[in-house]
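# Survey of secondary and tertiary structure
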Amino acid sequence: MIGFELKARGSYGFKQSRSAWTEGSLIALKAVALADNFANKTQQTARNGTLTQIEEQFKKIADARFGTICSYSLDFTLFLEGDIKLKYFFDSSKNSSQIQSEFLNALRGQTAKLGDQVVIYMAQVIEDFVTTVFDKTDEEELILHINVDL
């Protein structure tokens, strides 16, 4: 598969599926750009620069989205399943920096690595879950499962 798929299910009947292409597609474009026109170094450099700028923007977006999901003041347990296996409890008594550090370290310990696109989409799933359940926290423990197919 070129790309990835996220399938989420959670408390209160939350369900969502998202999929997209990945940075692997950009890497392929970059390889084509490198091989395409060695005779015209100016054109080649411009293409590489544009692709690098796109990659840098994805990184900035992913970092911002990751910071946002770590700043929600809501207790819930996240289970990442499939190609990434991880359990993390978002504890509202911790500050966002501590949550971000713990969650990032847990993700870094995985053998499969999440690219920026996957982080962006995963953050959107988590944001949608939080938006859906934030006012229902009295009734049951909040749990979100996201199956990650890379």
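Remember, it's a predicted structure, so these values are computed and weren't measured experimentally.

## Observations regarding the sheet that holds strand 1 (residues 4-10)
Taking strand neighbours across the sheet as the criterion, the five strands line up as 2-1-5-3-4 in an open arrangement whose pairing is mixed. A strand with exactly one partner marks an edge of an open sheet, and here the two such strands are strand 2 (14-20) and strand 4 (86-90). Averaged over all pairs of adjacent strands, the angle between their axes in this sheet comes to 15 degrees, without regard to strand direction. Here six bridges tie strand 1 to strand 5 (residues 143-149), and the two strands are oriented antiparallel to one another. Residue Leu6 lies in a different strand from strand 5, and its bridge partner there is Val148.

## Examining the environment of Ser92
Mapping Ser92 onto the fold places it in the loop between strand 4 and helix 3 (96-108). When the C-alpha atoms of Ser92 and Ser73 are compared, they prove to be 4.6 Å apart, with 19 residues separating the residues in sequence. In contact with Ser92, not counting residues within four places along its chain, are Ser73, Leu74 and Asp75.

## Concerning unusual backbone geometry
You will see that Tyr12, though not glycine, has its phi angle at about 60 degrees, which is positive. Within the secondary structure, Tyr12 is located in the loop between strand 1 and strand 2. With a relative accessible area of 26%, Tyr12 lands in the partly exposed category.

## Comments concerning a negative patch on the surface
A surface patch of negative charge is lined by Asp135, Glu139, Glu140 and Glu141. You can see Glu141 is positioned in the loop between helix 4 (116-133) and strand 5.

## Some thoughts on the nonpolar core
Residues Phe76, Leu78, Leu80, Phe103, Ile126 and Ile146 are the most contacted members of the largest nonpolar core, which totals 38 residues. For this core, the secondary structure elements donating two or more residues are strand 1, strand 2, helix 2 (41-69), strand 3 (76-82), strand 4, helix 3, helix 4 and strand 5. For this core, the leading source of residues is helix 4, giving ten residues. Setting aside anything within four residues of it in sequence, one finds Ile146 in contact with Leu6, Lys7, Ala8, Leu78, Phe79, Leu80, Glu81, Met122, Val125 and Ile126.

## So, the packing of aromatic side chains
As enumerated under the stated definition, the model contains eight aromatic pairs in all. Their ring planes at 70 degrees and their centres at 5.3 Å tell us that Phe90 and Phe103 sit as a pair that is edge-to-face. Here Phe90, found in strand 4, pairs with Phe103, found in helix 3; they are 13 residues apart in sequence, far enough to count as distant. Grouping aromatic residues by their ring pairs yields a cluster made of Phe14, Phe66, Phe76, Tyr88, Phe90, Phe103 and Phe129.

## A word on helix 4
Taking 1.5 Å of rise per residue, the 18 residues of helix 4 would be expected to cover 26 Å, and the 26 Å separating its terminal C-alpha atoms lies within 8% of that figure. Burial within helix 4 is extensive, with 14 of its 18 residues counted as buried.

## Section: helix 3
Between the first and last C-alpha of helix 3 there are 18 Å, a value that for 13 residues agrees with the 18 Å anticipated at 1.5 Å per step. Within helix 3, the full set of buried residues consists of Ile99, Phe103 and Leu107. Burial along helix 3 is one-sided: seen end-on, the buried residues are contained in an arc of 60 degrees. For helix 3, the exposed residues lying more than 90 degrees away from the buried face are Ser97 and Arg108. N-capping of helix 3 is provided by Asn95, with a side-chain oxygen placed 3.0 Å from the backbone N of Ser97.

Conventions used here
- Residues numbered from 1 in each chain as written.
- Predicted model: local features only at pLDDT ≥ 70, side-chain atom pairs only at ≥ 80, totals over all residues.
- Heavy atoms only, no water.
- Pairing = 2+ DSSP bridges.
- Helix = DSSP H or I, 4+ residues; strand = E, 2+ residues; numbered from the N terminus.
- Axes fitted to C-alpha atoms, helices over the stretch in contact; angles between N-to-C directions.
- Contact = heavy atoms within 4.5 Å.
- Buried < 20%, exposed > 50% of the residue type's maximum accessible area, 1.4 Å probe, protein only.
- Patch = residues over 30% accessible without salt bridge, like charges linked within 9 Å, V, L, I, M, F, W, Y side chains within 5 Å.
- Areas by Shrake-Rupley, 256 points an atom, 1.4 Å probe, with all protein chains shown as cover.
- Salt bridge = Lys/Arg side-chain N within 4 Å of Asp/Glu carboxyl O.
- Lys, Arg positive; Asp, Glu negative; His and termini not counted.
- Charge placed at Lys NZ, Arg CZ, Asp CG, Glu CD.
- Core = buried A, V, L, I, M, F, W, Y, C linked by side-chain atoms within 4.5 Å.
- Phe/Tyr/Trp six-rings, centres within 6.5 Å; stacked < 30°, edge-to-face > 60°.
- Expected span 1.5 Å × (residues − 1).
- Arc of directions from axis to C-beta.
- Polar contact = N/O pair within 3.5 Å; in protein donor to acceptor, adjacent residues only side chain to side chain.

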